Amino acid sequence: MFYDTKLEILNDADFKPVQLIMADVQPYRKSFSFEDGYILETTYRAFCPLETLLQLYGYVRINKNVFIILDMKEWSDYVELYLYCCKQHFAMEVKE
């Protein structure tokens, strides 16, 4: 794996960075279906070190994009995240 992408773990309350880690981020497609008929397509997956503050349904920022973690799989020496890209300026709208 190539940990070559900066990934910021965000605080859910105010979207301020709480930890910066390096990750291997790859394009990926996976659908998540919910009871109400909503279907979300993840567009990326990220491979990260185990010892991080990552949480399921938490938020991360890569460059200027904010993602929600829709699924997490923990392996022996890394964690795999399935990321859904939130709309542009998502964090700005939440603050207002």
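Residue indices follow the written sequence of each chain, beginning from 1 at its first position. A pLDDT threshold of at least 70 governs which residues receive local features in this predicted model, and a stricter bar of 80 or more applies before side-chain atom pairs are shown or counted, although totals over entire chains, interfaces and linings include all residues. Heavy atoms throughout the structure, all of them, feed into the side-chain values; hydrogens and water do not.

Re the overall build of the protein
- For helices the rule is a DSSP run of H or I covering at least 4 residues; for strands it is a run of E covering at least 2, with both sets numbered from the N terminus onward. Looking only at helices and strands, the protein has one helix and six strands in total.
- Secondary structure of the protein in N-to-C order comes out as β-β-β-β-β-β-α.
- Projecting the C-alpha coordinates of the protein onto the three principal axes gives extents of approximately 35 × 30 × 20 Å.
- In this scheme, a residue with accessible area under 20% of its type's maximum is buried, one over 50% is exposed, and one in between is partly exposed, where area comes from a 1.4 Å probe on protein chains only. Considering the protein as a whole, with its 96 residues, one finds that 38% of them fall into the buried category.

So, the sheet that holds strand E3 (residues 39-48)
- With antiparallel pairing, six strands are arranged side by side around a closed barrel as E1-E2-E3-E6-E5-E4. On average, each strand axis in the sheet is tilted by 50 degrees relative to the strand beside it, whichever way the strands run.
- Direction of pairing for strand E4 (residues 59-62) relative to strand E5 (residues 65-74): antiparallel, over a ladder of four bridges. Paired with Val60 across the bridge in E5 is Phe67. Strands pair, by our definition, only if DSSP identifies at least two bridges between them. Only the contacting stretch of a helix is used when fitting its axis, a line to C-alpha atoms as for every element, and angles between N-to-C directions run 0 to 180 degrees.

Function cannot be read off these values alone, since they describe shape.
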